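Structure at a glance
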Amino acid sequence: MGRLDNKCALVTGSSAGIGRAVALRLAGEGARIALSGLNKNAGALLAEEINSSGGDACYLKLDVTSENSWSAAMGYIDKTFTRLDILVNNAGITMSGKIEEMALENWRRIMAVNVEGVFLGTKYAIPLMRRSGGGSIINLSSVLGITGTPLISAYTASKAAVRLFTKSAALELAEDGIRVNSVHPAFIHTPMMEDTAIRLHGDIAIGKKEFGKFHPIGHVGEPEDIANGVLYLASDESAFTTGAELVIDGGYTAA
């Protein structure tokens, strides 16, 4: 307990899945949390859950693809918390299909959420973090930002962009005391994974079992597995870590 005492964090895409687990983990270690996600009701309920457990959380409306929305969100955080120490750029979407059949608007939508959202979050976090004396930006990429796979080319390209944007940002912001790292999960049991399981295998349990075969460890991961890694990068324990790729994949990329 207390690894993030006196720190303030913003977690995007925190309504469910990895984002929800991250928010709970950071709050459990003492961070004050600003939550954002498309599901307003789920976000508000999560804030209530954290607050009822003795934490300090609020839900704010944030469209990660909108520059005006990011500006307003940072203004709210500045007014509410007066500082920002941790930004977790977690919001993301995926879709599958052959390259030749993909609509350009779908490609652009994935890039807007997965890449532009990370860029805008970083851009608008910098001034507040610099004023706070530094901070930690954690970008959720994927094992598919490291290695390719068919039928989800847009998602793979977007996560590869996050991977290298993270390294560039880490070099640029090092002198400000702002660390920037990426996290690379493999298959994690989230609502997104369940949707994919139904789409590809017609059943969540069957899909989960099949996805587990991709990992030498023998099963898919849980959101808490990623939240534990994010906690390390958010804490002062990782003070000498920037521009790094934290791969949490059950051996997926080692095979």
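Let me sum up the structure you'll find in this document. Source: prediction; values computed, not measured.

**Describing the overall build of the protein**
The number of helices and strands found in the protein is eight helices and seven strands. A compact globule built from 255 residues would reach a C-alpha radius of gyration of about 18 Å, and the protein, at 17 Å, matches this within 12%. Judged by the C-alpha coordinates and their principal axes, the protein covers about 45 × 35 × 35 Å. With 255 residues in all, the protein has 48% of them scored as buried. Put simply, of all contacts in the protein between residues at least 6 apart along the chain, 70% involve residues at least 24 apart. When the accessible surface of the protein is summed, it comes to about 11900 Å², and 54% of that surface belongs to carbon and sulfur atoms. Put simply, the protein has 23 plus and 27 minus side-chain charges, and the middle of one group is 2 Å from the middle of the other.

**Some words on the packing of helix α1 (residues 17-28) against helix α2 (residues 40-52)**
Axis separation between α1 and α2 bottoms out at 11 Å; the angle between their running directions is 20°. Taken together, the axis directions place α1 and α2 in an arrangement best described as roughly parallel. Considering only the axes of α1 and α2, their crossing is right-handed. Seen from α1, the contacting residues are Arg-20, Ala-23, Leu-24 and Ala-27; seen from α2, they are Leu-46, Glu-49 and Ile-50.

**What to know about α2**
An α-helical turn contains 3.6 residues, so a residue and the one three or four places further along point in the same direction. Taking 1.5 Å of rise per residue, 13 residues should cover 18 Å, and α2 covers 18 Å from first to last C-alpha, within 8% of that figure. Those residues of α2 that are buried are in contact with α1, β2 (32-35) and β3 (57-59). Measuring from the backbone nitrogen of Asn-41 back to the side-chain oxygen at the start of α2 gives 3.2 Å, which picks out Asn-39 as the cap. Phi for Gly-54, located one or two positions after α2, is positive at around 95°.

**A look at the nonpolar core**
Soluble globular proteins tend to pack their nonpolar side chains together in the buried interior. Counting residues in hydrophobic clusters, the biggest one holds 29 residues, and the most contacted among them are Val-22, Leu-26, Ile-33, Leu-35, Ile-86, Val-88 and Ile-138. Mapped onto this core, the elements with two or more residues apiece are β1 (8-11), α1, β2, α2, β3, β4 (86-89), β5 (135-140) and α8 (223-234). Residues in contact with Ile-33, not counting those within four places in the same chain, are Ala-9, Val-11, Ala-23, Leu-26, Ala-27, Asp-56, Ala-57, Cys-58 and Phe-81. Of all hydrophobic cores here, the second largest spans 27 residues; its members include Cys-8, Ile-126, Ile-137 and Leu-173.

**Considerations on the packing of aromatic side chains**
Under the counting rule described, the total for this entry stands at four aromatic pairs. Ring centres of Phe-187 and Phe-214 lie 5.5 Å apart, and the angle between their planes is 35°; on these two criteria the pair is classed as tilted. Here Phe-187, found in the loop between β6 (178-185) and α6 (191-201), pairs with Phe-214, found in the loop between α7 (204-212) and α8; they are 27 residues apart in sequence, far enough to count as distant. Its relative accessible area of 43% is what places Phe-214 among the partly exposed residues. By the ring-pair criterion, three or more aromatic residues cluster together here, those being Phe-187, Phe-211 and Phe-214.

**Quick look at the side chain of Ser-235**
With respect to the secondary-structure elements, Ser-235 resides in the loop between α8 and β7 (245-248). Exposure remark for Ser-235: the relative accessible area of 1% places this residue in the buried category. Once you skip the residues sitting within four places of it in the chain, Ser-235 turns out to touch Arg-3, Leu-4 and Arg-179.

**Observations concerning the pairing of β4**
Along β4, one buried face is formed by Ile-86 and Val-88 and the opposite face, lined by Leu-87 and Asn-89, is buried too. As paired elements, β1 and β4 share three bridges and run parallel to each other. In the strand pairing of β4, Ala-9 is matched with Ile-86. Bridging between β4 and β5 involves four bridges; their strand directions are parallel.

Criteria and cut-off values
- Residues numbered from 1 in each chain as written.
- Predicted model: local features only at pLDDT ≥ 70, side-chain atom pairs only at ≥ 80, totals over all residues.
- Heavy atoms only, no water.
- Helix = DSSP H or I, 4+ residues; strand = E, 2+ residues; numbered from the N terminus.
- Rg over C-alpha atoms; globule rule 2.2 N^0.38 Å.
- Buried < 20%, exposed > 50% of the residue type's maximum accessible area, 1.4 Å probe, protein only.
- Contact = heavy atoms within 4.5 Å.
- Areas by Shrake-Rupley, 256 points an atom, 1.4 Å probe, with all protein chains shown as cover.
- Lys, Arg positive; Asp, Glu negative; His and termini not counted.
- Charge placed at Lys NZ, Arg CZ, Asp CG, Glu CD.
- Axes fitted to C-alpha atoms, helices over the stretch in contact; angles between N-to-C directions.
- Parallel < 35°, antiparallel > 145°, perpendicular 65-115°, else oblique.
- Left-handed = near helix turned anticlockwise from the far one by under 90°.
- Expected span 1.5 Å × (residues − 1).
- Polar contact = N/O pair within 3.5 Å; in protein donor to acceptor, adjacent residues only side chain to side chain.
- Core = buried A, V, L, I, M, F, W, Y, C linked by side-chain atoms within 4.5 Å.
- Phe/Tyr/Trp six-rings, centres within 6.5 Å; stacked < 30°, edge-to-face > 60°.
- Pairing = 2+ DSSP bridges.

By themselves, these observations are geometric and do not establish any function.
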